[in-house]
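# Residue-level structural notes
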Amino acid sequence: FLKKDLIFFFHHNLFHRGLKPVPDAEVIDLYGGTPHIPLIEMSDFYGKGPTMKQFMDIFSLPEMTLISCVTDFFISNGIDFDPVHLYKDTTDSIRDVHVKGMMYDWIEKDMEHYILHREEVFAVLNRLVKHNKKLFLITNSPFSFVDKGMKHMVGKNWRDLFDVIIVRADKPAFFTDRRKPFRRLDESGSLQWDKITSLEKGKIYKQGNLFDFLRLTGWRGSRVLYFGDHLYSDLADLMLRHGWRTGAIVPELENEIRVINTEQYMHSLTWQQALTGLLERMQSYQDAESKQVLTEWMKERQELRSVTKNLFNPQFGSIFRTYHNPTFFSRRLIRFSDIYMSSISSLLNYDINFTFYPRRTPLQHEAPLWMDQLCTGCMKTPFLDEMVQIR
């Protein structure tokens with residue numbers, strides 16, 4: 001947010017100014033005595049423009065860190081600044097690093113450090129090709145960088161795996177702007193002048209737009225599964241406007257799953273759920289002794305909530321939940337992706353014809369029938385004996 005000085009909003013209720021958390025009382029005062037954040041702050045629906053910047057991919061992490069550090073430096077040294085100027089100058093610098101190619105030059109000098117060599121990536125792509133799947137690559141990076149990176153990750157013959165290769169695509173405009181035609185690059189990377197009437201395997205194309213891509217390939221609707229690492233720039237338009245299936249790559253998921261599988265997390269979450277059920281059931285007792293017990297349980301539950309959150313990250317917790325509630329990122333992830341994973345290599349764990357079925361999650365009025373409520377021991381569930389056997 002750009003108010004008073006630069007404050008970051010992370011997930012639902014964690015605010016930072018620079019590198020330091022903002023006290024709850026100050027946040028509430030900032031929003032007129034309520035913790036509610038008006039929609040106008042989060043969306044340009046009302047026409048005034050948003051004051052919140054949504055960071056939605058792995059490229060956002062260094063951007064957030066840089067802005068935080070610059071803000072903290074200014075505040076620590078008593079330097080007066082306008083947060084709008086600071087934000088704009090910092091983000092413009094980050095943009096220039098991409099646009100002017102400096103980032104690509106730095107990475108190419110040290111491929112081993114910045115780009116992983118993953119045999120699994122080649123295995124996934126090769127497996128799909130052998131099962132007669134059509135593969136295409138649409139990237140904003142220049143061909144020289146893509147070529148070096150893919151040779152490092154997949155091998156020197158990586159181009160043989162793809163039926164269509166498009167570089168400098170200018171996503172997300174690629175998905176919405178019909179005006180930019182495809183242009184072909186020769187082997188030296190020089191632009192050619194011929195009109196593109198088909199997209200040929202083995203050729204490299206620049207720019208273009210999705211509408212010409214659909215017309216030239218005929219790849220439409222739910223037959224297409226597109227993977228990307230940015231919910232808005234990669235996935236949203238493809239799902240909402242064109243009906244493609246979408247897969248989100250979320251590298252942080254690997255660590256999240258590791259934490260979830262620890263004994264400490266499972267124990268904390270199970271007991272937290274049990275306490276929640278006890279509190280719901282027992283709050284109808286209003287005698288002094290019961291109130292004392294309820295107070296102790298509420299305190300213990302709050303402590304467990306903090307412990308569970310901190311297992312993921314001491315500052316921000318999980319990227320998928322704020323305590324029980326899904327984060328904004330998590331809600332967008334579910335909205336714009338049919339499936340998500342930490343790496344495309346996760347597909348190697350499944351047969352090529354495997355179907356991922358959506359899970360039924362309980363609505364509030366369905367909760368008494370749900371298995372995760374049974375640990376409370378506070379309710380009688382129909383068919384309990386049979387359900388336990390299934391479990």
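Just above, that's the structure.
Below is a summary of the structure that appears in this document. (Residues numbered from 1 in each chain as written. Predicted model: local features only at pLDDT ≥ 70, side-chain atom pairs only at ≥ 80, totals over all residues. Heavy atoms only, no water.)

## Describing the sheet that holds strand β6 (residues 136-138)
Operational definition: Two strands make a pair as long as DSSP finds a minimum of two bridges between them. Each helix corresponds to a stretch of at least 4 residues labelled H or I by DSSP, and each strand to a stretch of at least 2 residues labelled E; elements are numbered beginning at the N terminus. Only C-alpha atoms enter the line fits that serve as axes; for helices the fit covers just the stretch in contact. Angles between N-to-C directions range over 0 to 180 degrees.
Spatial ordering of the open sheet is given by β6-β7-β9-β8, a layout of four strands whose pairing is mixed. Every interior strand has two partners, whereas the edge strands, β6 and β8 (182-185), have only one. Between one strand axis and the next, the sheet turns through 30° on average, direction left out of account. Of the strand pairs in this sheet, β8 and strand β9 (residues 204-207) are connected by four bridges, and their pairing is antiparallel. Within β9, the position partnered with Arg184 by the bridge is Tyr205.

## Quick look at helix α10 (residues 231-242)
Heads up, the condition is: Summary of the burial criterion: residues with accessible area below 20% of their type's maximum are buried, those above 50% are exposed, and those between are partly exposed, where the area comes from a 1.4 Å probe applied to protein chains only. Throughout, a residue-residue contact means that at least one pair of heavy atoms, one from each residue, lies within 4.5 Å.
Residues of α10 that are buried: Leu231, Asp234, Leu235, Ala236, Asp237, Leu238, Met239 and His242. Close packing links the buried residues of α10 with α9 (210-217), β10 (225-228), β11 (245-249) and α14 (328-336). Two residues or fewer past α10, Gly243 is found with a positive phi of approximately 70°.

## Quick word on the nonpolar core
Put simply, the test is: In this description, a nonpolar core means a group of buried Ala, Val, Leu, Ile, Met, Phe, Trp, Tyr and Cys residues linked to one another through side-chain atoms lying within 4.5 Å.
Among the nonpolar cores identified, the biggest contains 32 residues, and Phe136, Ile166, Phe174, Phe213 and Trp244 are the most heavily contacted of them. Looking at this core, the elements with two or more residues in it are β6, β7 (164-167), α9, α10 and α14. Excluding residues that lie within four positions of it along the chain, Ile166 makes contacts with Leu137, Ile138, Thr139, Phe174, Phe182, Tyr205, Gln207 and Phe213. Grouped together as the second largest cluster of nonpolar side chains are 15 residues, Leu137, Phe143, Ile165 and Val167 included.

## Considering the packing of aromatic side chains
Selection rule: Under the pairing criterion, centres of Phe, Tyr and Trp rings, with the six-membered ring standing for Trp, must be within 6.5 Å; the plane angle then separates stacked pairs below 30 degrees from edge-to-face pairs above 60, leaving the rest tilted. Note on geometry: a ring has a charge over it if NZ (lysine) or CZ (arginine) is within 6 Å of the ring centre and within 35 degrees of the ring normal.
All told, the structure shown has 22 aromatic pairs when counted by the stated rule. Between the aromatic rings of Phe136 and Trp244, the centroid separation amounts to 5.8 Å while the plane-to-plane angle is 65°, which identifies the pairing as edge-to-face. One end of the pair, Phe136, is in strand β6; the other, Trp244, is in the loop between α10 and β11, and 108 residues separate them in sequence. Trp244 carries the same exposure label as Phe136, and that label is buried. A network of ring pairs unites the aromatic residues Phe136, Phe174, Phe175, Phe182, Tyr205, Phe213, Trp219, Tyr226 and Trp244 as a single cluster. Cation over ring: Arg183 sits above Trp193, and NZ or CZ is 4.9 Å from the ring centre.

## Structural notes on the packing of α9 against α10
Just so we agree on the cut-off: Any angle between 65 and 115 degrees counts as roughly perpendicular, while under 35 counts as roughly parallel, over 145 as roughly antiparallel, and the rest as oblique. Left-handed describes a crossing in which the near helix is turned anticlockwise from the far one by less than a right angle; the clockwise case is right-handed. Residues are sorted three ways: Asp, Glu, Lys and Arg are charged, Ala, Val, Leu, Ile, Met, Phe, Trp, Tyr, Cys and Pro are nonpolar, and all the rest, Gly among them, are polar.
Between α9 and α10, the shortest axis-to-axis distance is 13 Å and the interhelical angle comes to 60°. When the axis of α9 is compared with that of α10, the two are oblique. Here the hand of the crossing between α9 and α10 comes out right-handed. Of the residues in α10, those in contact with Leu210, Phe211 and Leu214 of α9 are Leu238, Arg241 and His242. In terms of residue class, the contact of α9 with α10 is made up of four nonpolar, one polar and one charged.

## Structural notes on the sheet that holds β10
Strand order in the open sheet made by the three strands is β10-β11-β14, with parallel pairing throughout. Single-partner strands in this sheet number two, and they are β10 and β14 (339-341). The sheet shows a mean angle of 20° between the axes of neighbouring strands, direction not considered. Sheet topology places β10 next to β11; four bridges connect them, and they run parallel. Paired with Leu225 across the strands is Arg245, a residue of β11.

## Overview of the packing of helix α4 (residues 83-99) against helix α5 (residues 102-109)
Relative to each other, α4 and α5 sit at 60°, their axes nearing to 4 Å. Viewed along their axes, α4 and α5 adopt a mutual orientation that is oblique. Only Met102, Met103, Tyr104 and Trp106 of α5 make contact with α4, whose side of the interface consists of Asp96, Val97 and His98. Of the residues belonging to the contact of α4 with α5, the class tally is five nonpolar, one polar and one charged.

## Notes on helix α8 (residues 143-153)
Considered for burial, the residues of α8 that qualify are Phe143, Phe145, Val146, Asp147, Gly149, Met150 and His152. For α8, the secondary structure elements touched by its buried residues are α5, α6 (111-114), β6, β7, β8 and β9. Positive backbone phi, at 130°, marks Gly155, one or two positions downstream of α8.

## Describing the pattern of salt bridges
Rules: Any Lys or Arg side-chain nitrogen found within 4 Å of a carboxyl oxygen on Asp or Glu counts as a salt bridge.
All chains considered together, the criterion is met by 15 salt bridges. The residue Lys151 makes a salt bridge to Asp147 at a minimum N-O spacing of 3.2 Å. Here Lys151 pairs with Asp147, and both are found in helix α8, just four residues apart, close to one helical turn. A relative accessible area of 14% means that Asp147 is categorised as buried. In this structure, the salt-bridge partner of Asp234 is Lys171, at a minimum N-O distance of 2.9 Å. Linking Asp234 in helix α10 with Lys171 in the loop between β7 and β8, this pair joins segments that are 63 residues apart in sequence. You'll find Asp234 and Lys171 in the same group, each marked buried. In this structure, a network of salt bridges that share partners links the residues Lys88, Asp92, Arg95 and Asp96.

None of the figures reported here should be taken as evidence of function without further support.
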